[in-house]
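Now for the letters of each chain:
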Amino acid sequence: MAPDAMRTAARSLSDARPLAYWLDDPGKPGALPALTRDEHCDLLVVGGGYSGLWTALIAKERDPGRDVVLIEGHEVGWAASGRNGGFCAASLTHGLANGLERWPDEIGKLEELGARNLDAIEAAVARYSLDCDFERTGEIDVATQPHQLDELREWHRRTEGLGLGGLEFLDRDRMRAEVDSPTFLGGLLDRHGVAMLHPAKLAWGLKEACLGLGVRIYENTRGLELVRSGVGTVVRTPYGRVFARDVALGTNIFPSLVRRVRPYTVPVYDYALMTEPLSADQLASVGWKNRQGLGDSANQFHYFRLSADNRILWGGYDAVYPYGGRLNSALDQRPETFLKLAGQFFECFPQLSGVRFSHAWGGAIDTCSRFSAFFGTAHRGRVAYAAGYTGLGVGATRFGAEVMLDLLGGRETERTALGMVRSKPMPFPPEPFAWTGIALTKRSLARADSHGGRRDLWLRTMDRLGLGFDS
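Residues numbered from 1 in each chain as written. Predicted model: local features only at pLDDT ≥ 70, side-chain atom pairs only at ≥ 80, totals over all residues. Heavy atoms only, no water.

1. Some points on the overall build of the protein
Regarding its fold elements, the protein presents 14 helices and 18 strands. Relative to its length of 471 residues, the protein is compact, with a C-alpha radius of gyration of 22 Å against a globular reference of 23 Å. When the 471 residues of the protein are sorted by exposure, 56% land in the buried category. A sequence separation of at least 24 residues applies to 75% of the contacts in the protein between residues at least 6 apart. In the form shown here, the protein has an accessible surface area of approximately 19,300 Å², with 52% of it arising from carbon and sulfur atoms. (Helix = DSSP H or I, 4+ residues; strand = E, 2+ residues; numbered from the N terminus. Rg over C-alpha atoms; globule rule 2.2 N^0.38 Å. Buried < 20%, exposed > 50% of the residue type's maximum accessible area, 1.4 Å probe, protein only. Contact = heavy atoms within 4.5 Å. Areas by Shrake-Rupley, 256 points an atom, 1.4 Å probe, with all protein chains shown as cover.)

The structure is reproduced here in structure tokens:
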């Protein structure tokens, strides 16, 4: 970055608050009391993010008489569910390309289930009056390099040929008529498959909906240990225990209470900035009248969108894996990444020179080697888990909740019949191999971005093995 550009980027960050914009909200609900006694229930849900909240809610919708308890180690929505970009995608497979590569024989069913899942989220938002700024705006994959434009054009042809259309190819002029940046060469528009929302408000709204249906929620109550007890299970917490017939684990990146699940995920820290609200003139200079979400097509990509009050969220690019896979709250703030992101923002939108960032934050994503969620049971079917959403869990966690409830109920459904549900990703190797492999992959991805998309031997080998690393 040139010295002048670096100074501009640094000035734009001078007032940025070191916390997630979404969580910095006066409407944030107060924490519920911790569990300080023994509890008994039919279903215990561990984790108060989207995965756990949807599981508790759908469990009560399926059977209003079912006694459901949810425990959360901190406060509902405080981790990835309150820190993400607010892109709620229909895809269950981290995008059509990833799904087609891994499950070509059932991709049509996966796409259908994903579309139904997003419709069900929209219906729940209306049914429970969830005040979460839900907008079914769609999303554009943007090309900023010539090779990316060629790849988008070819992908459009391929999806049309497979009958998996619904995407619109945008040339440079059409792209810049949607959102204006001198870096945009074209794009691929999905009008219906993605919604924008306020992620923390969705979590808080789901919390209230669960309480309204009779779910008992305990915050600041970490699950410490899970053991079998007769025909059910016991989860020990700092000040009590929960005796449950069934347990659903929605802990995602946090260490699973089923130890054999832990090697399947690693934490990847992702970062985002939020601007101050744009003025009418600033917004007009960018266009963006249709408010779609956007993401560029690089391996090290950015995602960006408008908030309800016309701020721009700008995130992605850096994906930081801590050695040993250890979670570390100190990594939530990374000034060198924020400076890099700010400089890249002004390269994309030079017409917004002078805009300042109000918030800067990061957080851990639960990444698995196939990029999309995996599922399973333990303790003779009394415990179910879902994890590995790899950054696309805002929508897919609802599907995962239904899978977990199907598995706990021993139900054969169109979901449990999927190869995606019945298979597992490859686990990550122990250190130092995990760190070395991820570092090599990141370096090769950056090299591919700067060399016309050409993938080196390492990336081609990872492709053949079905492995990857993504933010």
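2. Points about the pattern of salt bridges
In the structure shown here, the tally under the stated rule is 40 salt bridges. A salt bridge links Glu414 to Arg116, with the shortest nitrogen-to-oxygen separation between them at 2.4 Å. Linking Glu414 in the loop between helix H11 (393-408) and helix H12 (419-422) with Arg116 in helix H5 (residues 107-127), this pair joins segments that are 298 residues apart in sequence. On the basis of relative accessibility, which here comes to 37%, the residue Arg116 falls in the partly exposed class. (Salt bridge = Lys/Arg side-chain N within 4 Å of Asp/Glu carboxyl O.)

3. Some points on the pairing of strand S13 (residues 293-296)
Judged by which residues are buried, S13 turns out to be covered on both faces: Gly293 and Gly295 on one side and Leu294 and Asp296 on the other are all buried. Both strand S4 (residues 139-143) and S13 contribute to a ladder of four bridges, which runs parallel. The residue bridging Ile140 from the neighbouring strand is Leu294, located in S13. The turn joining S13 and strand S14 (residues 302-306), which pair antiparallel and follow one another in sequence, is formed by five residues. (Pairing = 2+ DSSP bridges.)

4. Details of the state of the cysteines
Tallied over the entire structure, the rule returns zero disulfides. No disulfide involves Cys41; its sulfur sits 14 Å from that of Cys210, the nearest cysteine. Cys368 takes part in no disulfide bond, and the closest cysteine sulfur to it belongs to Cys88, at a distance of 19 Å. A relative accessible area of 0% places Cys368 in the buried class. (Disulfide = S-S within 2.5 Å.)

5. What about the sheet that holds strand S16 (residues 357-367)?
Consider a sheet: its strands pair through backbone hydrogen bonds, and that pairing is either parallel or antiparallel. Sheet architecture is open: eight strands sit in the order S5-S6-S4-S13-S14-S15-S12-S16, paired in mixed fashion. Across the chains shown, the open sheet's two edge strands, defined by having one partner strand only, are strand S5 (167-170) and S16. Geometrically, the sheet is characterised by an average inter-axis angle of 20° between neighbouring strands, direction not taken into account. Sheet topology places S14 next to strand S15 (residues 312-316); five bridges connect them, and they run antiparallel. Considered in S15, the bridge of Tyr303 is made with Gly315. Its contacts with the sheet place helix H10 (residues 335-348) against strand S12 (266-275), S14, S15 and S16, and it is angled at close to 50° to S12. (Axes fitted to C-alpha atoms, helices over the stretch in contact; angles between N-to-C directions.)

6. Describing the packing of helix H2 (residues 50-62) against helix H8 (residues 199-212)
The contact between H2 and H8 brings their axes to 9 Å, and the two run at 30°. The angle between the axes of H2 and H8 places the two elements in the roughly parallel class. The two elements H2 and H8 meet at a crossing, and its hand is left-handed. Contacts between H2 and H8 pair Tyr50, Leu53, Trp54, Ala56 and Leu57 from the former with Pro199, Ala200, Leu202, Ala203, Leu206, Lys207, Ala209 and Cys210 from the latter. (Parallel < 35°, antiparallel > 145°, perpendicular 65-115°, else oblique. Left-handed = near helix turned anticlockwise from the far one by under 90°.)

7. Some words on H5
The first and last C-alpha atoms of H5 sit 30 Å apart over 21 residues, in line with the 30 Å expected at 1.5 Å per residue. Among the residues of H5, Ile107, Leu110, Leu113, Gly114, Asn117, Leu118, Ala120, Ile121, Ala124 and Val125 are the ones counted as buried. The arc that holds the buried residues of H5, viewed along the axis, is 160°, so those residues lie on one side. Turning to H5, the residues buried within the fold contact H2, strand S3 (87-89), helix H4 (96-102), strand S7 (194-196), H11 and H12. After H5 finishes, the residue Ser129 shows a positive phi value of roughly 50°. (Expected span 1.5 Å × (residues − 1). Arc of directions from axis to C-beta.)

8. Side note on the packing of aromatic side chains
Tallied over the full model, the rule gives 20 aromatic pairs. Measuring from ring centre to ring centre gives 4.7 Å for Phe304 and Trp314, while their planes differ by 50°; the resulting arrangement is tilted. With Phe304 in strand S14 and Trp314 in strand S15, the pair connects residues that are ten residues apart, well separated along the chain. Accessibility expressed as a relative area gives 1% for Phe304, which makes it buried. Every member of this aromatic cluster is reached through a ring pair, and the members are Phe184, Trp288, Phe304, Trp314, Phe345, Phe346, Phe349 and Phe357. (Phe/Tyr/Trp six-rings, centres within 6.5 Å; stacked < 30°, edge-to-face > 60°.)

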